[in-house]
Amino acid sequence: MFRLALLTWAGTLLVEDDGPQKAQAILVLGGDPGPRILKAAQLAQAGYAPHVLVDGPKTLIGHESDMTIPYAAQRGYPASLFEPLLLPGGMDSTREEAAFVGKYLRQHGIHKILLVTSNFHTHRAAYLMRKENPGLDVVVVAAPDPYFTPEGWWKSREGRKTFLFEWMKTVAAWSGI
């Protein structure tokens, strides 16, 4: 009984969810297999922000947003709701992503965002976004992840890998690595 409570607690520490609030924009972080952009689209359609910024790394076949925006459009969300924010090639860390996005937000006068990312990634992503962008009001909304829930991440191989990798990255972020 104690073991399950401890495992759940360790999973819960990775998740931050402030609940939706009105903001100037919704930001979907890269690395999305689909749930992130759909959650952001739902929030935009509910009136929490006028548009969704979709960032993501450059891949061999284009930017991630080249795939995620059409994915959302196929599910009934207007493509005009989304604005791709193309990360430069070689950018592969949340810290770099936060700094790049913060510069864009400042240039466009955006001071408050809804940050949408996978549930397991929310705590670290919010920490880095706030650290790299002092003064930016970051409200975090967790998107569901198909492999990770705080109450059962240990039940699948993918859940265990997600938990372990995210905790390693979280410790690295806290230590400035």
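Student: Any chance you could explain a nonpolar patch on the surface here in plain terms?
Tutor: On the surface, Phe2, Leu6, Trp9 and Leu13 cluster together into a nonpolar patch covering about 470 Å² of accessible area. Relative to the assigned elements, Leu13 resides in the loop between α1 (2-12) and β1 (25-28). With relative accessibility at 35%, the residue Leu13 sits in the partly exposed group.

Student: Please clarify how the pattern of salt bridges should be interpreted in this entry.
Tutor: Pairing is possible between side chains of opposite charge, provided their charged atoms come close. Evaluated as defined, the whole model comprises five salt bridges. Arg130 is the partner of Glu16 in a salt bridge, and the nearest nitrogen-oxygen pair spans 3.0 Å. Here Arg130 lies in helix α5 (residues 122-132) and Glu16 lies in the loop between α1 and β1, a separation of 114 residues in the sequence. Exposure remark for Arg130: the relative accessible area of 32% places this residue in the partly exposed category. The partner of Arg95 in a salt bridge is Glu132, and the shortest N-O contact between them spans 3.7 Å. In this pair, Arg95 is assigned in helix α4 (residues 94-107) and Glu132 in helix α5, connecting sequence segments 37 residues apart. According to the relative accessible area criterion, Arg95 is partly exposed, its value standing at 21%. Look at Glu132 and you get partly exposed, because its relative accessible area is 27%. A cluster of three or more residues bridged by salt bridges with shared partners is formed by Glu16, Asp18 and Arg130.

Student: Teacher, can you tell me more about the nonpolar core here?
Tutor: It is characteristic of soluble globular proteins that their nonpolar side chains tend to be buried jointly. If you look at the biggest cluster of nonpolar residues, it comprises 22 residues, and the most contacted ones within it are Ile26, Ile37, Val52, Phe82, Leu114 and Val116. Where this core is concerned, the elements lending two or more residues are β1, α2 (35-45), β2 (52-56), α3 (65-74), β6 (112-118) and β7 (137-143). The dominant element in this core, judged by the number of residues it contributes, is α2, at six residues. Of all hydrophobic cores here, the second largest spans 18 residues; its members include Leu115, Ala125, Ala126 and Val140.

Student: What am I meant to see in the side chain of Asn133 here?
Tutor: Looking at the element boundaries, Asn133 is found in the loop between α5 and β7. For Asn133, the side chain forms a polar contact with the main-chain oxygen of Met129, separated by 3.0 Å. In contact with Asn133, other than residues within four places in its own chain, are Ala98, Gly102, Lys103 and Arg106.

Student: Help me understand helix α6 (residues 157-174) in this model?
Tutor: Since there are 3.6 residues in each turn of an α-helix, residues three or four apart along the chain are aligned in direction. Over its 18 residues, α6 runs 26 Å from end to end, which matches the ideal 26 Å to within 8%, given 1.5 Å per residue. Where α6 is concerned, the buried positions are Gly159, Thr162, Phe163, Glu166, Trp167, Thr170 and Ala173. Here the buried residues of α6 occupy an arc of 125° about the axis, which is enough to place them on one side. Elements in contact with the buried residues of α6: α1, α4 and α5. Positive phi shows up at Gly176, right after α6, with a value of about 80°.

Student: For this particular structure, what's the right way to read the confidence of the model for the protein chain?
Tutor: Segments scoring low in pLDDT should not have their predicted coordinates read at a detailed level. Chain-level pLDDT for the protein chain is 94 on average; 100% of the residues reach the 70-or-more range. Taken element by element, the protein chain is modelled with least confidence in strand β3 (residues 58-59), mean pLDDT 78, and with most confidence in β7, mean pLDDT 98.

What counts as what
- Residues numbered from 1 in each chain as written.
- Predicted model: local features only at pLDDT ≥ 70, side-chain atom pairs only at ≥ 80, totals over all residues.
- Heavy atoms only, no water.
- Patch = residues over 30% accessible without salt bridge, like charges linked within 9 Å, V, L, I, M, F, W, Y side chains within 5 Å.
- Areas by Shrake-Rupley, 256 points an atom, 1.4 Å probe, with all protein chains shown as cover.
- Salt bridge = Lys/Arg side-chain N within 4 Å of Asp/Glu carboxyl O.
- Helix = DSSP H or I, 4+ residues; strand = E, 2+ residues; numbered from the N terminus.
- Buried < 20%, exposed > 50% of the residue type's maximum accessible area, 1.4 Å probe, protein only.
- Core = buried A, V, L, I, M, F, W, Y, C linked by side-chain atoms within 4.5 Å.
- Polar contact = N/O pair within 3.5 Å; in protein donor to acceptor, adjacent residues only side chain to side chain.
- Contact = heavy atoms within 4.5 Å.
- Expected span 1.5 Å × (residues − 1).
- Arc of directions from axis to C-beta.
- pLDDT = per-residue confidence, 0-100.

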